[in-house]
Each structure stands twice: as C-alpha cells, then as structure tokens.
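Residue-level structural notes
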Amino acid sequence: MDQIFEKFRTLPVEEQLSPALTRRRYADFPVLVVDHPRAGQACLSLQGGQLVSWRPAGARPDDPGVLWSADPDLWRRGTAVRGGVPLCWPWFGPSGPAGSPSHGFARTTDWELTGWEEDADRVVVECTLRPSEATRALWPEEFVLVVRYTLTDSCLIEIEDRGDHTATAALHTYVRIGDLGRAHLAGLGPEHTDGITRRRYEDEDGTLTPVDHVERFQTAPAPVTTVRDEVLGRIVALAHHDHSDVVVWNPGAELARGMADLAPQEHRHFLCAETARVGRPLVAEEGRPGRLAVELRMTEL
Ligand SMILES: O=P(O)(O)OC[C@H]1O[C@H](O)[C@H](O)[C@@H](O)[C@@H]1O
C-alpha cells in the first residue's frame, strides 16, 4: 500500500483524462493520479512536474511503493516537494545566482500537462516547463524543458532540455527503504568525492551501506545502481542514461531534525540515488536537446 496513492485516490476527480489518468487537487497542489492494471499506481505533482509515488502492478500487497515521499500535509506551495523524483534544473545545489532556490526553479514552478496516452500495457504522461517572468528573473535563458514518464512494469523518466544553454541537473530519486543501515547500494563505481569533506576517493568496490548523513558524488558510476533492501525484501534498480554522476544522499539524524518536511525518524526510510549531470553539465543546442533519464525497476528478493 502506497501512502500517497491511498490519500490521493479518494480526492474528487476534476478531470478524467483517460481511463487510468485523472487530474485532482490535494489542498492547493494540482496532482495527477494513475491507476492502471499493468502500469501500476502513480501520483504526480504539477508543481515540479514530478513523480511523487509509483507502485508497480506486480508489487506484493504489503509493498509500500518504490518511492518515499514526505507526508503531503507537510508540503508547502512554492517550496520543493521532498520526495518521489524531484527534477533539479537548471542548476544543482546552491550553484545558481545569489538568493536563488537550491536545485533550480523546476521543482518550485508549475508545469503544464502537455500529453498523455495509454494502452493495455502502459501509461505515458508528459509535462512541459516554459520560461515566465519569474524564471527569467532567476535565469535569462529561453528554454523548453519536457519530462516524459512511461509507466509499464518499470518507470522510465526522461527529460529533454531544448534551447541554447548549459545546465546542471539531477533526477533526485528518493528510494523508499525499510531502515537506514539495512539497505545496500551497489554499482556506484570506483571513485567519489565526499560532498561533506570534499575529499576524493579512488579504487573502491562501488558498494555502500549508509548509516547516517551521507553525500557522495560518484564520478564514474556503473550504468545501473541497485538498492538491496533486507527489510522490504526487494531490490530497486536505477538504470541511468546520459548521466555523468550519481549523487548519494541522506541527511542523517541531526540534519533531519532541522527539516520542516521530515517527521521524526522519517530520514531512516529513504536513500537518494540521483541520476545527475553535475561534473559534465547538460548542453542544449539548436536541434540538439540535452537529455537525462533514469529507469526504475523493482524485483523481490
Ligand atoms: O533539501 P534539498 O534542497 O532538496 O536538497 C537535498 C540534498 O540534495 C542533494 O543530495 C545535495 O547533494 C545535498 O547537498 C542536498 O542537501
């Protein structure tokens, strides 16, 4: 049972877009709800154009869904939604202009629903972000940023960045885990820069079992990162495309206490494995968009 889907499925339907796809509203957040026999159950927030929950159709009845998300009662309009797969763009972290939001403005801006389709096996949802006065005040570029979600037995998330600019970006996946310390990452590759100490490490085996605050920039990751979860009895695989780095993050107990959108001990239930373009920024040119994608897949142990 996915907590977000269970909350959103009972909201009044504002628009039935296709048999499996509806538009609804949670407080002041416009949201989309997917409920499809083969593609599973998913929820999206149009603020941020982001997936906030996904549970494949074949999941065990007690499976809580692949993604962790903060309780929607703690979401605040205009503040990034912590959970699911936030789309960090056009900069990663605090590298934007002074006073600008962390991880860019894509997370805090409303996206337009620009396409959807479904058949017996899949649901596709496409959202688009275009410049506005607010984005131009932060970043002068003209751009079209498109995100496409393809839900089948896997969940493919692709962004296409059109225009003439460079940008750093991340698909900041919050993988739900049973308990911090009992979820094991693999496929991280042989080297990383520690985001806390800035130290470089090399010749590693690409595995990690975070137990507290972790922030790592894996700079030569394998194509697939796996999260093996002993408590939930499953492996979540993230197949990255067009990435240069994978960022691993959990705030740990102390930082988590200062976060308004984290209930006590909630940090123990996610690990972020972020498909990123930090070391090698996205380049968008006329006729050649920048691309970044991740495909999520869950298998039982
Ligand atoms: O709190 P947020 O702005 O969503 O950022 C959450 C985290 O994202 C990434 O993992 C960064 O590497 C961290 O430095 C940051 O704390």
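Look up: the structure comes first, before these words.
The text that follows walks through the structure, step by step, so that each part is easy to find. Nothing here was measured: the structure is a model prediction, and the numbers come from that model.

Side note on the nonpolar core
Judged by nonpolar contacts, the single largest core of 58 residues is most densely connected at L51, W54, W89 and I157. Tallying contributions element by element places strand β9 (residues 143–151) first for this core, with five residues. Counting residues in hydrophobic clusters, the runner-up holds 21 residues, among them F5, F8, Y26 and M259.

Some remarks on the site of the ligand
In the vicinity of the ligand, the contacting residues are R82, F92, S102, H103, R107, H172, E215, V247, W249 and E274. At a separation of 2.8 Å, an oxygen atom of the ligand approaches a polar side-chain atom of R107. E274 places a side-chain nitrogen or oxygen 2.7 Å from an oxygen atom of the ligand. For the ligand, whose free accessible area comes to 390 Å², the fraction covered by protein is 79%. Across the shell around the ligand, the residue classes break down as three nonpolar, three polar and four charged.

A word on the pattern of salt bridges
Think of it this way: side chains of opposite charge can pair up when their charged atoms draw near. Tallying each qualifying case throughout the model produces 25 salt bridges. A salt bridge links R228 to E230, with the shortest nitrogen-to-oxygen separation between them at 3.4 Å. With relative accessibility at 37%, the residue R228 sits in the partly exposed group. According to the relative accessible area criterion, E230 is partly exposed, its value standing at 36%. A salt bridge links E285 to R288; the nearest nitrogen and oxygen atoms lie 4.0 Å apart. For E285, a relative accessible area of 37% puts it in the partly exposed group. Accessibility expressed as a relative area gives 59% for R288, which makes it exposed. Each of K7, D71 and D73 takes part in a single network of salt bridges with overlapping partners.

Examining the environment of D179
Mapped onto the fold, D179 is located in the loop between β11 (165–176) and β12 (183–186). In sequence terms D179 and V31 are 148 residues apart; their C-alpha atoms lie 28 Å from each other. D179 has contacts with V231 and R268, leaving out every residue within four places of it along the chain. Within the local environment of D179, its side chain forms a polar contact with the side chain of R268, the two groups lying 2.7 Å apart.

Digging into the pairing of β11
Among the twelve residues that make up β11, eleven are buried, leaving the element largely enclosed by the rest of the structure. Of the pairings in the sheet, the one linking strand β6 (residues 87–88) to β11 comprises two bridges and is antiparallel in character. Bridged to C88 within β11 is A170. One ladder, built from eleven bridges, connects β11 with strand β19 (residues 270–284); its direction is antiparallel. Considered in β19, the bridge of A167 is made with L282.

Topic: the sheet that holds strand β13 (residues 192–194)
Taken together, the seven strands give an open sheet; going across it, the order is β6-β11-β19-β18-β15-β13-β14, and neighbouring strands pair in antiparallel fashion. The open sheet has two edge strands, β6 and β14 (200–201), and neither has a second partner.

Definitions and cut-offs
Residue numbering note: each chain is counted from 1, following its sequence as written. In keeping with the predicted nature of the model, local features appear solely for residues at pLDDT of at least 70, side-chain atom pairs appear and are counted solely at 80 or more, and the whole-chain, interface and lining totals rest on all residues. As a rule here, side-chain values cover all heavy atoms of the structure and leave hydrogens and water aside. Residue types Ala, Val, Leu, Ile, Met, Phe, Trp, Tyr and Cys, when buried and joined through side-chain atoms within 4.5 Å, form a set referred to as a nonpolar core. Each residue is assigned to one of three classes by its accessible area relative to the maximum for its type, calculated with a 1.4 Å probe on protein chains only: buried under 20%, partly exposed between the two thresholds, exposed over 50%. Starting at the N terminus, helices and strands are each numbered in turn, a helix being any DSSP run of H or I of at least four residues and a strand any DSSP run of E of at least two. The near set for a molecule or strand comprises every residue that places at least one heavy atom within 4 Å of it. Distance and chemistry together define a polar contact, namely a pair of N or O atoms within 3.5 Å, with one atom able to donate a hydrogen and the other to accept it when in protein, and with adjacent residues in sequence counting only for side-chain atoms on both sides. Here, Shrake-Rupley sampling with a 1.4 Å probe gives the accessible areas, and only protein chains in the shown set may cover a residue. Note that Gly is not counted as nonpolar here; it falls among the polar residues with everything else outside the nonpolar set of Ala, Val, Leu, Ile, Met, Phe, Trp, Tyr, Cys and Pro and the charged set of Asp, Glu, Lys and Arg. Any carboxyl oxygen of Asp or Glu within 4 Å of a side-chain nitrogen of Lys or Arg constitutes a salt bridge here. The criterion used for residue contact is that any of the two residues' heavy atoms lie within 4.5 Å. Note on pairing: DSSP must find at least two bridges between two strands before they are called paired.

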